[in-house]
Amino acid sequence: MNRSLIFTLLGIVVLVAACFMPWMRIEDPALTISGVDTTGTRYGKPALTHFILAFFILICAFVPKIWAKRLGLLFAALNLAWAIRNFGVIPHCEAGVCPEKLAGIYLLLISSIVLMIMALFPKEPPVKATGSEV
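Here is what the cut-offs are and how they apply
- Per chain, residue numbering runs from 1 following the sequence as it is written.
- Side-chain atom pairs in this predicted model are given and counted only at pLDDT of 80 or more, local residue features only at pLDDT of at least 70, and totals for whole chains, interfaces and linings cover all residues.
- For the side-chain quantities, the full set of heavy atoms in the structure was used; hydrogens and water were omitted.
- The helix and strand labels rest on DSSP assignments: H or I over at least four residues marks a helix, E over at least two residues marks a strand, and numbering proceeds from the N terminus.
- Burial classification: accessible surface area is computed with a 1.4 Å probe over protein chains only, and a residue below 20% of its type maximum counts as buried, one above 50% as exposed, and the rest as partly exposed.
- Should any heavy atoms of two residues lie within 4.5 Å, those residues are counted as being in contact.
- We get accessible surface area from the Shrake-Rupley algorithm with a probe of 1.4 Å; when it comes to residues, only the shown protein chains can shield them.
- Counted as positive: Lys and Arg. Counted as negative: Asp and Glu. His and the chain ends are not counted at all.
- Lys charges are placed at NZ, Arg charges at CZ, Asp charges at CG and Glu charges at CD.
- Criterion for a salt bridge: a side-chain nitrogen of Lys or Arg within 4 Å of a carboxyl oxygen of Asp or Glu.
- Whenever a pair of cysteine sulfur atoms sits within 2.5 Å, that pair is classed as a disulfide.
- Expected span of a helix: the number of residues minus one, times 1.5 Å.

What follows is about the overall build of the protein chain. When helices and strands are counted, the protein chain shows four helices and three strands. Over its C-alpha atoms, taken along the principal directions, the protein chain stretches across nearly 70 × 25 × 15 Å. Out of the 134 residues in the protein chain, the part that is buried amounts to 36%. Look at the contacts in the protein chain between residues 6 or more apart in sequence, and 66% of them connect residues 24 or more apart. Entry remark: accessible area of the protein chain is about 8,000 Å², with carbon and sulfur atoms responsible for 71%. Across the protein chain, 11 positive and 7 negative side-chain charges occur, with their mean positions spaced 14 Å apart.

What follows is the structure, given as structure tokens:
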């Protein structure tokens, strides 16, 4: 197992753990929001998208084909975009109440950046030379 695959696995484990950790705390109604538990808000379940994208990133990391690496890059970019969206939209100030960002949202963003970097530099399968090249 190469380094790129190990860091991808670590990034996915941290990403899944960060989705279950508290992302923000709202003082006025005393709410603590995580990626899977957004009770009392209208945010839905933003962690489900991360789970689906992480699953596809993991599958693409294990397939030793060029198309899988390129598809993994697409899924990692979508995951990073969703993490940036969650980092910006979910803990924003609304009606004069500014929530406190907690460790989970920071870990989510960092692990998404790690997954994107690992998708940019995968271990490529060896290119087979055809007989026409000199």
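More follows now that the structure is in view.
Before going further, it helps to examine the pattern of salt bridges. Throughout the structure, instances matching the rule amount to one salt bridge. We note a salt bridge from Glu-100 to Arg-25, for which the minimum N-O separation is 3.0 Å. Taken as a pair, Glu-100 in strand E3 (residues 100-101) and Arg-25 in strand E1 (residues 22-26) lie far apart in primary sequence, 75 residues in all. With relative accessibility at 39%, the residue Glu-100 sits in the partly exposed group.

This brings us to unusual backbone geometry. Even without being glycine, Ala-95 reaches a positive phi, approximately 55 degrees. If you trace the backbone, Ala-95 turns up in the loop between helix H3 (66-89) and E3. On the basis of relative accessibility, which here comes to 79%, the residue Ala-95 falls in the exposed class.

With that settled, consider the state of the cysteines. According to the stated counting rule, one finds one disulfide in the structure shown. In this model Cys-93 forms its disulfide with Cys-98; the gap between the sulfur atoms is 1.9 Å. Sign of the S-S torsion, about 120 degrees for the bond between Cys-93 and Cys-98, identifies this disulfide as right-handed. Taking the relative accessible area as the measure of exposure, Cys-93 reaches 46% and is therefore partly exposed. Note on Cys-60: no disulfide assigned, nearest cysteine sulfur contributed by Cys-19 at a separation of 19 Å. Classification of Cys-60 as buried rests on a relative accessible area of 7%.

Time to look at the environment of Leu-120. Note on placement: Leu-120 falls in helix H4 (residues 103-120). For Leu-120, a relative accessible area of 45% puts it in the partly exposed group. Once the C-alpha coordinates of Leu-120 and Leu-73 are considered, the two residues, 47 residues apart in sequence, prove to be 6.5 Å apart.

Between its first and last C-alpha, H4 extends 26 Å over 18 residues, near the 26 Å set by a 1.5 Å rise per residue. Every buried residue belonging to H4 is among Gly-104, Ile-105, Leu-108, Leu-109, Ser-111, Ser-112, Leu-115, Met-116, Met-118 and Ala-119, and all of these are buried. On its buried face, H4 sits against helix H1 (3-20), E1, helix H2 (47-62), H3 and E3.

Locating Asn-79 in the fold gives a position in helix H3. Taking relative accessible area as the criterion, Asn-79 reaches 0% and is therefore assigned buried. Contact partners of Asn-79, with chain neighbours within four places excluded, come to Leu-15, His-50, Leu-53, Ile-57, Ser-112 and Leu-115.

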